[in-house]
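# Fold and geometry: a report
These are the residues of each chain, in order.
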Amino acid sequence: LVKACPLLLAGLAITLAFRAEFWNIGAEGQLYLGGVLAAVVGIYFTGLPPAVHIPLALIAGVLGVAIAGFIPVLLKAKLRVNEVITTLMLNYIIILFTSYLDQGPMSDPILKAGISRRLLETSWIPIMIKGTRLHWGIPLAVLIAILIAFLISKTALGFQIRAVGENARAARVAGISINKTIIWTMILSGALAGLAGGIEISGVQHRLIEDFSPGYGFLAIAVALVGRLSPIGVIFSSILFAALI
């Protein structure tokens with residue numbers, strides 16, 4: 001379940017993007033960036049109670065990656081740059097930036113081995129069952145999957161996402177803004193991947209570790225496809241892939 005949590009959130013990120021036929025291959029980098037931003041808040045924001053510090057760390061990851069997710073959308077909308085190329089290349093920029101932080105500005109002064117200082121305990125996501133690593137980020141991820149299922153099936157934005165993904169020309173004729181829909185989809189997609197990284201750092205690692213993701217963002221593509229691009233299906237496929245890991 002601990003390994004399923006980042007797979008579930010990253011799988012939801014892929015699911016949203018793919019449902020709008022925006023081929024986001026950047027969940028791995030987005031996950032890393034969410035972890036970086038959560039670590040920055042967890043290490044450098046001092047004197048906060050857990051009720052403030054934990055949400056602030058996660059929100060930093062969500063908002064930062066949501067903004068970063070806007071970059072490939074903008075390049076596609078304005079310059080017709082293929083999103084597979086931009087999202088894939090951004091992965092390596094962000095991963096190498098994380099490595100730089102762990103080797104330099106954020107490195108632990110004692111360990112100095114591609115690892116940051118420990119996050120303040122006030123930013124740690126609490127454990128559900130003592131003696132295990134089961135943390136409250138896991139039920140949060142399941143709740144978000146249910147909310148995403150509701151968004152896709154019951155809201156106007158969800159209808160627009162489905163319409164654009166199934167037939168963009170018909171959606172445009174019906175008055176749906178293709179670019180606006182894809183922008184909102186990618187912002188949400190990036191936010192979900194960023195939350196995956198933030199929860200992994202705040203709930204499991206408690207440090208920013210170089211290579212802290214064993215490819216969760218890339219594996220999330222398979223998770224989303226095996227789950228048939230259904231948020232509820234992704235819950236079960238993420239558990240399956242976590243068990244295989």
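Our structure's up above, just so we're on the same page.
Residues numbered from 1 in each chain as written. Predicted model: local features only at pLDDT ≥ 70, side-chain atom pairs only at ≥ 80, totals over all residues. Heavy atoms only, no water.

Within the fold, K130 resides in the loop between α5 (83–103) and α6 (137–154). For K130, a relative accessible area of 84% gives the class exposed. The spacing of K130 and S177 is 47 residues in sequence and 49 Å in space, taken between C-alpha atoms. (Helix = DSSP H or I, 4+ residues; strand = E, 2+ residues; numbered from the N terminus. Buried < 20%, exposed > 50% of the residue type's maximum accessible area, 1.4 Å probe, protein only.)

Before going further, it helps to examine unusual backbone geometry. Located in the positive-phi region is D211, a residue other than glycine, with phi close to 60°. When you line up the elements, D211 lands in the loop between α9 (178–205) and α10 (216–226). In this structure, L229 takes a positive phi of about 55° despite not being glycine.

For the rest of this paragraph, the subject is the pattern of salt bridges. Close approach of charged atoms allows side chains of opposite charge to pair. Inspection of every chain in the model, using the stated rule, returns two salt bridges. Residue E83 is joined to K76 by a salt bridge in which the shortest nitrogen-to-oxygen separation is 3.0 Å. For K76, a relative accessible area of 24% puts it in the partly exposed group. Here D108 and R207 are joined by a salt bridge, their closest N and O atoms 3.0 Å apart. Placement of the pair is D108 in the loop between α5 and α6 and R207 in the loop between α9 and α10, with a sequence separation of 99 residues. Classification of D108 as buried rests on a relative accessible area of 9%. (Salt bridge = Lys/Arg side-chain N within 4 Å of Asp/Glu carboxyl O.)

Helical geometry: 3.6 residues make up each α-helical turn, so side chains three or four residues apart lie on a common side. For α6, built from 18 residues, the straight-helix expectation of 26 Å at 1.5 Å per residue is met to within 8% by its first-to-last C-alpha distance of 25 Å. Among all positions of α6, only G137, I138, A141, I144, A145, I148, A149, L151 and I152 are buried. Relative to the axis of α6, the buried residues are bounded by an arc of 160° and lie together on one face. Seen from the buried face of α6, the exposed residues on the opposite side, beyond 90 degrees, are L147 and K154. The inward-facing, buried residues of α6 abut α1 (4–19), α7 (156–166), α9 and α11 (231–244). (Expected span 1.5 Å × (residues − 1). Arc of directions from axis to C-beta. Contact = heavy atoms within 4.5 Å.)

Moving on, we come to the packing of aromatic side chains. Counted under the stated rule, the structure contains three aromatic pairs. Both rings, one in Y32 and one in F212, keep their centres 4.7 Å apart while their planes meet at 50°; by these two values the pair is tilted. Of this pair, Y32 sits in helix α2 (residues 27–44) while F212 sits in the loop between α9 and α10, and the two are 180 residues apart along the sequence. Overall, Y32 belongs to the buried group, its relative accessible area being 2%. (Phe/Tyr/Trp six-rings, centres within 6.5 Å; stacked < 30°, edge-to-face > 60°.)

Any functional reading would require information beyond the geometric quantities listed.
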